[in-house]
Amino acid sequence: MRKILSTREMLKQAQKNRYAVPAFNIHNLETLQVVVEAAGELKSPVIIAGTPSTICDYAGADYIVAMAEVASEKYDIPIAIHLDHFEDVDVIKNYIDIGFKSCMIDASKKSFEENISIVTDVVQYAHKYDAVVEAELGKLIGKEDDLIADEKDSIYTNPDDALEFVNRTEVDSLAVAIGTAHGLYKGEPKLDFDRLMEIRNKVSVPLVLHGASDVPDELVKKAISLGICKVNVATDLRIPFSNAVKKYFNEHPDANDPRKYMTPGKEAMKEIVKHKIIVCGSNGQA
Ligand code: 13P
């Protein structure tokens, strides 16, 4: 029987053995079941990620934790719960108080100095409770493919800033902006791998890739080979789930049994979760 873990050991292992742990955004029982079932079958460590709108508003932290605890008893794999894109420091501290062990404080929209001060506050609090903190430096607004170098520098993560940021905040992992964006892309995303390599050479904490949906597998694999240890996926799971449910309703317009119309959604999502685990190279690493 395993306990819900912090992401610390998982990411250390991934960094050492050069794969990435996938962090899947879940919303409810069904999506959580799919993620842990797929990870269990592929013997992969897995991070269950919830944004404030899932954890605070939709599902509720107590339900998510209870479900994840059941999952960690059922599957003999490392499972962590992670607060994703939380912006309110007091809310994070409250969740740490009740036992959450892994969080992201997203102050990336603030100035460099404000970001440092907010992240430092959360890190100092979290470390007292043996919880770990991810922060983001740079902006994930995407569509920067054609930016000239100077413009890129103001949006993407600057490697020297990354070093200063990690040293001053003592943050446990760093989400980098290298050309990914949340959601779908208009054209093929272009990732700034030179920048990623430079950051990796300067910074020793695990690096995180947000916005990994709709990024070609080869690019995600290359990012992992250059030092990404955690890959965040949300949109690529929601689309097949929703499409399968819509298809079911098209074919069965009178359907009213959630067990029936949710099942094709779960099956479609499970396939993509398994695929992402393999892209991350985390299969067999549990
Ligand atoms: P996508 O929806 O683009 O996969 O982004 C997910 C993410 O980065 C969550 O933090």
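Residues numbered from 1 in each chain as written. Predicted model: local features only at pLDDT ≥ 70, side-chain atom pairs only at ≥ 80, totals over all residues. Heavy atoms only, no water.

Considering the UniProt feature "binding site: Zn(2+) 1" (unreviewed entry) in the protein
Piece 1. Mapped onto the present numbering, the UniProt feature "binding site: Zn(2+) 1" (unreviewed entry) falls at H85, H182 and H210. Judged by maximum C-alpha separation, these annotated positions cover 126 residues in sequence but sit close together in space, the widest gap being only 11.7 Å.
Piece 2. Along the polypeptide, H85 turns up in strand β3 (residues 79-86).
Piece 3. Beyond its immediate sequence surroundings of up to four residues, H85 is in contact with P52, M104, D106, E136, H182 and H210. (UniProt positions renumbered as here; feature names shortened; annotations may be inferred. Helix = DSSP H or I, 4+ residues; strand = E, 2+ residues; numbered from the N terminus. Contact = heavy atoms within 4.5 Å.)

Considering the nonpolar core
A general tendency of soluble globular proteins is for nonpolar side chains to be buried together.
Piece 1. Core analysis: the largest hydrophobic core is formed by 82 residues, its most contacted members being L174, L196, I228, V231 and V273.
Piece 2. Residues in contact with L174, not counting those within four places in the same chain, are A135, L137, A162, F165, V166, V205, P206, L207 and V208.
Piece 3. Within the second largest apolar cluster, 10 residues are counted, among which are M10, A23, A49 and C229. (Core = buried A, V, L, I, M, F, W, Y, C linked by side-chain atoms within 4.5 Å. Buried < 20%, exposed > 50% of the residue type's maximum accessible area, 1.4 Å probe, protein only.)

A look at the UniProt feature "active site" (unreviewed entry) in the protein
Piece 1. Feature annotation in UniProt places "active site" (unreviewed entry) on D84, given in this structure's numbering.
Piece 2. Note that D84 resides in strand β3.
Piece 3. According to the relative accessible area criterion, D84 is buried, its value standing at 3%.
Piece 4. Ignoring any residue separated from it by four or fewer positions in sequence, one finds D84 in contact with N25, A49, G50, T51, P52, M104, H210 and N232.
Piece 5. There is a polar contact of 3.1 Å between the side chain of D84 and the side chain of N25. (Polar contact = N/O pair within 3.5 Å; in protein donor to acceptor, adjacent residues only side chain to side chain.)

Notes on helix α8 (residues 159-169)
Piece 1. By the burial criterion, the buried members of α8 are P159, A162, F165, V166 and T169. Each buried residue of α8 lies within a common arc of 115° when the element is viewed along its axis, so the set occupies one face.
Piece 2. Of the residues that open α8, the one with a side-chain oxygen 2.9 Å from the backbone nitrogen of D160 is N158.
Piece 3. Downstream of α8 by a residue or two, E170 has a phi angle that is positive, lying close to 60°. (Arc of directions from axis to C-beta.)

Side note on the site of the ligand
Piece 1. Around the ligand, the structure places 14 residues, and the nearest of them are D84, G183, G211, S213 and T235.
Piece 2. A distance of 2.8 Å separates an oxygen atom of the ligand from a polar atom in the backbone of G183.
Piece 3. Taking N232, its side chain carries an N or O atom lying 3.0 Å from an oxygen atom of the ligand.
Piece 4. The protein chains hide 95% of the 310 Å² of surface that the ligand would expose on its own.
Piece 5. Looking at the shell around the ligand, the elements with two or more residues in it are β3 and β8 (228-233).
Piece 6. Residues that form the shell around the ligand fall into these classes: four nonpolar, nine polar and one charged. (Near = heavy atom within 4 Å. Areas by Shrake-Rupley, 256 points an atom, 1.4 Å probe, with all protein chains shown as cover. Nonpolar A, V, L, I, M, F, W, Y, C, P; charged D, E, K, R; others polar.)

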